[in-house]
Amino acid sequence: MVHQYQLNGYSIVLDTCSGAIHVVDEVAYDVIALFETRSPDEITAELTEKYAARPDVTEAELRQCIADVQALKDAGKLFTPDTFAPLAGTFKERSGDVVKALCLHVAHTCNLNCAYCFASQGKYNGDRALMSFETGRRALDFLMDHSGSRRNLEVDFFGGEPLMNWDVVKELVAYARGVEEERGKHFRFTLTTNGVLIDDDVIEFANREMDNVVLSLDGRREIHDALRVDYAGNGSYERIVPKFQKLVEARGGKNYYIRGTFTHRNPDFTRDIFHMADDLGFTELSMEPVVCASGESPAGRDPAALTAEDLEVVKEQYEILAKDMLRRKKEGRPITFYHYMLDLENGPCVYKRISGCGSGTEYMAVTPWGDLYPCHQFVGEESCRLGNIWEGVTNTALREEFRACNAYARPECADCWARLYCSGGCAANAFHASGSIRGVYEAGCQLFRKRIECAIMMKAAEADL
Amino acid sequence: MERIKTLETRSLCESAKKGGCGECQTSCQSACKTSCGVANQKCENQ
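Residues numbered from 1 in each chain as written. Chains lettered and ligands numbered in written order. Predicted model: local features only at pLDDT ≥ 70, side-chain atom pairs only at ≥ 80, totals over all residues.

*Asks:* How should the overall build of chain A be read in this particular structure?
*Replies:* Each helix and strand counted, chain A has 16 helices and 15 strands in total. For chain A, the spread of C-alpha atoms along the principal axes amounts to about 75 × 50 × 50 Å. In chain A, which comprises 465 residues, the proportion classed as buried is 49%. By sequence separation, contacts in chain A at least 24 residues apart represent 67% of the contacts at least 6 residues apart. (Helix = DSSP H or I, 4+ residues; strand = E, 2+ residues; numbered from the N terminus. Buried ≥ 20, exposed ≤ 12 C-beta atoms within 10 Å, placed from the backbone. Contact = placed C-beta atoms within 7 Å.)

Written as structure tokens, this is what we have:
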């Protein structure tokens, strides 16, 4: 499958199954579009007529271009057939029941009361609770016991708000560091926080022990404070921004993300990204579309949900962002946007690209009382409980459903050029949009495709072709 | 090729022959947590 698009003055051709990317002129763009359905003589005739006013587009030139396209096809860089479908699922079968990442919900409670929270203010539609050290330690043991030969293990301290159970977080890190060497493992920790409780102790510890820190900020003060409020209704921007700045400055270049959510209130989210960069000095940025009920009827629609009109604005915003990031890079003051990070030369292998996100098999979420769910976005869905950290996965039928989720599991993906970039997409988004993990969240797909188009356009521009 | 420039990319077909070590990051265990893909994950098997 080939995907052709034009963006920011570049004509780009993606060969889905080889991963090859070609930047072409308009003549080659037309030749490639016709190549599989017309003969060389028909292509030459049609394009000779189209480019009659162009002295540089001769018949000889067109025939050379057709030969070049054929050469790329012969080299496996254009019109590459999809031979990966039989491999889909084999990687996860080969991996057995290996688990390599846990999202530890150390606190099902929060000191903010954000209306759009997919975790219902940290409670996940359940009771408030804090994870005990004993439960957390058992979760880390469960991970090590089930990680097979995997060395790198990932643990995200998540909530709710994990800093509301900070002492347990520190004890769990100390426990993991104390046993990882003898177990032949290496823990990579991430902390995701709203920032309210950040103090010098948190900064020192997080910057020493956390491989990544995810700091929640929605951007401009009026946008952030509209939804990210405490229980008295006060915005949190003023309290958290100086703390985030202090933490990032002290972090010394280690990974972090300022991670925001945009909603119906700010589909023009680049204003928030530029505020984070230009006014606040942050460079590592992630801004995500809100995940909430987006039903057609007003009764079924969360007021924060993005509308169909919003989606078109958001797509334009992704283009604005990509062009602006190119400008900043040229000026020597680049910023990073999580979704535009692509490593074309050393990126993920095809097994990763076809195997799905790993939720429910190699990645699970653990509640404060030790229940296992396929990922953080399924917590609270009783039908999606996999088991617990003492007995392991007992709902094996559900695990097999997740194991079967891959880039070829959904008929809707069969003719989508982006399937090896998303690997079938987010199972939780599909579940909440369609009722099935094998469904499709179409709005999410539209935005994903746009982001990939922008990210690849940036690579074309940066290649200085 | 005068009208076609090809970017350097990892061949997915080649990666099918020796990929799949499984050491890479789990897709959602990072910044996003709500709308991840796999394309921007790092390969740990360099």
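*Asks:* Which parts of the structure should I look at to understand the interface of chain A and chain B?
*Replies:* Interfaces are often sized by the accessible area lost when the parts come together. Contacts between the two partners involve 70 residues from chain A and, on the opposite side, 40 residues from chain B. Counting residues per element, the side of chain A that touches chain B draws most heavily on helix α16 (residues 442-462) of chain A, which supplies five residues. Of the residues that constitute the side of chain A that touches chain B, the class distribution is 36 nonpolar, 18 polar and 16 charged. In this sheet, strand β1 (residues 4-6) of chain B lies alongside strand β3 (residues 21-24) of chain A in antiparallel orientation, the contact comprising three bridges. In the strand pairing of β1 of chain B, His22 of chain A is matched with Thr6 of chain B. (Nonpolar A, V, L, I, M, F, W, Y, C, P; charged D, E, K, R; others polar. Pairing = 2+ DSSP bridges.)

*Asks:* Please clarify how the nonpolar core should be interpreted in this entry.
*Replies:* Taken as a class, soluble globular proteins show a tendency for nonpolar side chains to be buried jointly. All names here are of chain A. Formed by 152 residues in total, the largest nonpolar core has its most connected members in Val31, Leu102, Leu104, Leu285, Met364, Tyr373 and Ala427. The greatest single-element share of this core, amounting to 11 residues, is contributed by α16. Apart from residues lying up to four places away in sequence, Tyr373 is in contact with Met364, Ala365, Phe378, Val379, Cys384, Arg385 and Leu386. (Core = buried A, V, L, I, M, F, W, Y, C linked by C-beta atoms within 7 Å.)

*Asks:* Whenever I open this one, the pairing of strand β6 (residues 152-159) of chain A confuses me. Can you help?
*Replies:* A regular strand carries its side chains on alternate faces of the sheet. Residue and element names in this part refer to chain A. Burial analysis of β6 places seven of its eight residues in the buried class, the great majority of the element. One ladder, built from six bridges, connects strand β4 (residues 101-108) with β6; its direction is parallel. Within β6, the residue paired with Ala107 across the bridge is Gly159.

*Asks:* It is not clear to me how helix α5 (residues 133-145) of chain A should be interpreted in this structure. Could you clarify?
*Replies:* In an α-helix there are 3.6 residues to a turn, and that puts residues three or four apart on one side. All names here are of chain A. Helix length check: α5 (13 residues) gives 18 Å between terminal C-alpha atoms against 18 Å at 1.5 Å per residue, within 8%. Among the residues making up α5, those that are buried are Thr135, Gly136, Ala139, Leu140, Phe142 and Leu143. Down the axis of α5, the sector holding all buried residues measures 155 degrees, keeping them to one side. Buried residues along α5 sit against β4, β6, α6 (166-183) and β12 (363-366). (Expected span 1.5 Å × (residues − 1). Arc of directions from axis to C-beta.)

*Asks:* How should I be thinking about the sheet that holds β1 of chain B in this particular structure?
*Replies:* The strands making up a sheet associate through hydrogen bonds between their backbones, and the pairing can be parallel or antiparallel. Strand order in this open sheet of four strands is β1(A)-β2(A)-β3(A)-β1(B), and the pairing throughout is antiparallel. Strand pairing shows two members of the sheet lacking a second neighbour, β1 (2-7) of chain A together with β1 of chain B, which therefore form its edges. Shown here is a sheet whose adjacent strand axes are inclined to one another by a mean of 25 degrees, direction ignored. Where β1 of chain A and strand β2 (residues 10-15) of chain A come together, six bridges link them in antiparallel fashion. From the neighbouring strand, Val2 of chain A faces β2 of chain A, where its bridge partner is Asp15 of chain A. (Axes fitted to C-alpha atoms, helices over the stretch in contact; angles between N-to-C directions.)

*Asks:* Help me understand the pairing of β4 of chain A, please; the structure alone is not making it clear to me.
*Replies:* All names here are of chain A. Summarising burial for β4: eight of the eight residues are buried, a large majority. Looking at chain direction, β4 and β12 are connected through four bridges and run parallel. Each bridged residue has a counterpart across the sheet, and for Leu104 the counterpart in β12 is Val366. By the bridge criterion, two bridges tie β4 to strand β5 (residues 129-130) in an arrangement that is antiparallel. Within β5, the position partnered with Ala107 by the bridge is Leu130.

*Asks:* Quick question: what am I supposed to make of the packing of helix α1 (residues 26-35) of chain A against helix α3 (residues 59-74) of chain A here?
*Replies:* When two helices pack together, their arrangement is captured by the angle between the axes and the distance separating the axes. Residues and elements named next belong to chain A. One way to put it is that α1 packs onto α3 with a least axis distance of 10 Å and a crossing angle of 60 degrees. One element, α1, and the other, α3, form an angle in the oblique class. The crossing of α1 and α3 is right-handed. Facing Val27, Ala28, Val31, Ile32 and Phe35 of α1, the residues of α3 in contact are Cys65, Ile66 and Val69. (Parallel < 35°, antiparallel > 145°, perpendicular 65-115°, else oblique. Left-handed = near helix turned anticlockwise from the far one by under 90°.)

*Asks:* I would appreciate a short explanation of the packing of helix α7 (residues 200-209) of chain A against helix α9 (residues 237-251) of chain A in the present structure.
*Replies:* Residue and element names in this part refer to chain A. Remark: α7 packs on α9, axes separated minimally by 10 Å, with the N-to-C direction vectors making an angle of 40 degrees. What the angle tells us is that α7 and α9 run oblique. Judged by the sense of rotation from one axis to the other, the crossing of α7 with α9 is right-handed. Along the contact surface, α7 presents Ile203, Ala206 and Asn207, while α9 presents Lys246, Leu247, Ala250 and Arg251.

*Asks:* When you look at unusual backbone geometry in this model, what are you seeing that I'm missing?
*Replies:* Backbone phi values are negative for most residues with the exception of glycine, while trans is the configuration of most peptide bonds. Residue and element names in this part refer to chain A. With an omega of 5 degrees, the peptide bond running from Gly159 to Gly160 counts as cis. Positive phi values are uncommon outside glycine, yet Asn125 reaches one of about 60 degrees. Within the secondary structure, Asn125 is located in the loop between β4 and β5. Taking the number of C-beta atoms within 10 Å as the measure of exposure, Asn125 has 11 and is therefore exposed.

*Asks:* Mind showing me how you'd approach helix α2 (residues 40-50) of chain A here?
*Replies:* Residue and element names in this part refer to chain A. Among the residues making up α2, those that are buried are Ile43, Thr44 and Leu47. Seen end-on, α2 carries its buried residues on one side only, within an arc spanning 95 degrees. Exposed residues lying more than 90 degrees from the buried face of α2 are Asp41, Glu42 and Glu49. Its buried side turned inward, α2 meets α1 and α3.

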